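If you want the building blocks of each chain, they are given just below.
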Amino acid sequence: MPHSRPSRPRNLNQLVDPYPRYATLREAGRVVRITTSFAGEAALVTRYEDAAALAGDTRLSTDSAHASPDVRRRLEAGKFRVLDAWPDNMLVLDPPRHTRLRRLVARHFTARRVESLRPFVRESVGELVDVLPTRGHADLVRGLALPVPHRVVSRLLGVPAEDSPLLQRWLEQITLLPVDDAAVATVSRGREEMLAHLESLIAAKRRNPGDDLVSALLTGDADAERLTVPEIVSMAGLLSSAGTGTTVHMIGNGLQFLLRYPAHLSALAADPSLVEPAVEELLRLESPITLGLLRYAACDLSVGETVIPKGDLVIVGVATANHDHRRFSPADEMDLSRQDRSHLTFGKGPHYCIGAPLARLELGEVFGTLVGRYPRMRLAVPAEDLVWGRRRCADSRRCPSG
């Protein structure tokens, strides 16, 4: 049941709604130079084939130590480095350090552990949907999209339920765009408070382990290598921030898409088996990653006829690649029968999102429950009056690419 994307809000320009601009850039070249708001000039990889190949290419580094002095100066000038809230996390490390951290976490972040969270996710979604107003207007972001991921991450890490609102507040502070000194101070304060709380949580789990990821990382197998306490703190912070912000945006993006397409909403209500393919199409069409994966050229790199110099800031364009008609046809339409699910929203290669199964679980439960309960829900305002909100964080490393 393919449908063209609806027209974008008439009062917005292409800098806010990137997709028309991305279409132009894809036709302009495989790699184009763009100016970012946080680090000046960068090389944007525009097409799917190149983006998929480069997402896991070791010639592109996630470690800013490979950035040229000029790029590092621009990052610092843009207050970008303050967003590296968690030192030595997987998102900013290359192999072999990345390989070690990912291996030690992945053995506990199993499909079985994720699936064991399904009853909790389903119950949480049901509770939140129960208290939505049955008449009039409902704020689905505040009432559903925000609390679900925070509840789930709190449960995963073993954060007490009463502390989940604190975790949400700290994460909202940490992901503020640091445009001025006041915002930088807020980011730093939120990070320090959350850091202290995580250290306290880990100390409590060491004394009294539970059935949660932090306890598993602390205890592990008696004869196996373990993460250090600072590594667990950093990992918990990373999973909290990366595991909530993008999922919040994805729930909101997906719901607004379905509400602008009542035919798709009705189809899901009539056939719950369509929820799974709908999740994949929504991940592709309405990715929470509106730019891409940030990398640094560890050597001179050729993409077609373009040479990317060593040290350059490179953005592997996730959003533009997901809309590339060369790979997905029709690229700007939702097709619930599409078999190709190789979108790049969760990255690719060594940094493929470790939390992808959990994100899919949350999205499926939210969309399935809400659509099943309210099959005739509609937008409260005309579609053309919707406005794009600027992301609170410009750091594309907060995308799910651990």
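Residues numbered from 1 in each chain as written. Predicted model: local features only at pLDDT ≥ 70, side-chain atom pairs only at ≥ 80, totals over all residues. Heavy atoms only, no water.

Asker: In this structure, what is going on with the overall build of the chain? I would like to understand it.
Answerer: In terms of regular secondary structure, the chain is built from 16 helices and seven strands. Per-residue burial for the chain yields a buried fraction of 55% across its 402 residues. When contacts within the chain are restricted to residue pairs at least 6 apart in sequence, those whose partners lie at least 24 apart make up 75%. (Helix = DSSP H or I, 4+ residues; strand = E, 2+ residues; numbered from the N terminus. Buried < 20%, exposed > 50% of the residue type's maximum accessible area, 1.4 Å probe, protein only. Contact = heavy atoms within 4.5 Å.)

Asker: How should the confidence of the model for the chain be read in this particular structure?
Answerer: Fine structural detail should not be taken from predicted coordinates in areas where pLDDT scores are low. Counting all residues, the mean pLDDT for the chain is 86, and 89% of those residues have values of 70 or more. Ignoring residues within four places in sequence, the model shows residues 1-15, a span with pLDDT below 50, making 43 contacts including any to other chains. Contacts for the low-pLDDT stretch residues 391-402, under 50 throughout, to residues beyond four places or in other chains number 56 contacts. (pLDDT = per-residue confidence, 0-100.)

Asker: Whenever I open this one, unusual backbone geometry confuses me. Can you help?
Answerer: Glycine aside, residues mostly have negative phi, and peptide bonds are mostly found in the trans state. The linkage connecting Pro95 with the following residue, Pro96, adopts the cis geometry, with an omega of 5°. The residue Pro96 is located in the loop between helix H3 (69-77) and helix H4 (97-106) in this model. Note the cis peptide between Ser329 and Pro330, where omega equals -5°. Positionally, Pro330 belongs in the loop between helix H15 (318-322) and helix H16 (356-373).

Asker: Help me understand the environment of Ile202 in this model?
Answerer: Tracing the chain through its elements places Ile202 in helix H10 (residues 181-207). Look at Ile202 and you get buried, because its relative accessible area is 3%. C-alpha of Ile202 to C-alpha of Pro230: the two residues are 28 residues apart in sequence and 9.9 Å apart in space. If near-sequence neighbours (up to four positions away) are discounted, Ile202 is found in contact with Val214, Leu218, Val229, Ile232 and Val233.

Asker: Help me out: how do you make sense of the packing of helix H8 (residues 147-157) against H16 in this one?
Answerer: Describing two packed helices takes the angle between their axes plus the distance from one axis to the other. Put simply, H8 and H16 touch, their axes get as near as 11 Å, and they point 135° apart. Classified by the angle their axes make, H8 and H16 are oblique. At the point where H8 passes H16, the crossing takes the right-handed sense. Side by side, H8 and H16 meet where Val148, Pro149, Val152 and Leu156 of the first sit next to Leu358, Glu362 and Val366 of the second. (Axes fitted to C-alpha atoms, helices over the stretch in contact; angles between N-to-C directions. Parallel < 35°, antiparallel > 145°, perpendicular 65-115°, else oblique. Left-handed = near helix turned anticlockwise from the far one by under 90°.)

Asker: Would you explain the packing of aromatic side chains in this entry?
Answerer: For any pair of aromatic rings, the description consists of the separation of the ring centres together with the inter-plane angle of the planes. One pass over the full model with this rule turns up four aromatic pairs. Consider the rings of Tyr19 and Tyr22, whose centres lie 6.2 Å apart with planes at 85°: the pair is edge-to-face. Here Tyr19 and its partner Tyr22 are both found in helix H1 (residues 19-28), three residues apart, which amounts to about one turn of the helix. For the pair shown, Tyr19 and Tyr22 are each scored as buried. (Phe/Tyr/Trp six-rings, centres within 6.5 Å; stacked < 30°, edge-to-face > 60°.)

Asker: Sorry if this is basic, but what is going on with the sheet that holds strand S2 (residues 40-45) here?
Answerer: Sheets are built from strands that pair by backbone hydrogen bonding, the pairs being arranged parallel or antiparallel. Pairing in this open sheet of five strands is mixed, and the strands run S1-S2-S7-S4-S3 from one edge to the other. The outermost strands of the open sheet, each flanked by one partner alone, are strand S1 (31-36) and strand S3 (60-61). In this sheet, strand S7 (residues 313-317) lies alongside S2 in parallel orientation, the contact comprising three bridges. By the bridge assignment, Val45 is partnered in S7 with Val316. (Pairing = 2+ DSSP bridges.)

Asker: Explain the environment of Pro209 here, please?
Answerer: By secondary structure assignment, the location of Pro209 is in the loop between H10 and helix H11 (213-219). Exposure remark for Pro209: the relative accessible area of 43% places this residue in the partly exposed category. Sequence-wise, Pro209 and Thr219 are 10 residues apart; in three dimensions their C-alpha atoms are separated by 8.0 Å. Excluding anything up to four places from it in sequence, Pro209 contacts Ser215 and Thr219.

Asker: How do you make sense of the pairing of S1 when you look at a structure like this?
Answerer: The side chains of a regular strand alternate, first on one face of the sheet and then on the other. Taken together, the six bridges between S1 and S2 define a ladder with antiparallel strand orientation. Note that in S2 the partner of Val31 across the bridge is Val45. In this antiparallel pair of consecutive strands, S1 and S2, the connection spans three residues.

Asker: Would you explain the pattern of salt bridges in this entry?
Answerer: Charged atoms that come close allow side chains of opposite charge to pair. All chains considered together, the criterion is met by 26 salt bridges. With its nearest N and O atoms 3.0 Å apart, the salt bridge here joins Arg338 to Glu281. Taken together, the residues span a long stretch of sequence, with Arg338 in the loop between H15 and H16 and Glu281 in helix H14 (residues 275-285) at a distance of 57 residues. Neither Arg338 nor Glu281 differs from the other in exposure class; each is buried. Among the salt bridges present, the one from Asp340 reaches Arg327, with a minimum N-O distance of 2.9 Å. Of the two residues, Asp340 is situated in the loop between H15 and H16 and Arg327 in the loop between H15 and H16; the sequence distance between them amounts to 13 residues. Look at Arg327 and you get partly exposed, because its relative accessible area is 40%. The structure contains a network of salt bridges with shared partners spanning Arg100, Arg103, Glu225 and Glu231. (Salt bridge = Lys/Arg side-chain N within 4 Å of Asp/Glu carboxyl O.)

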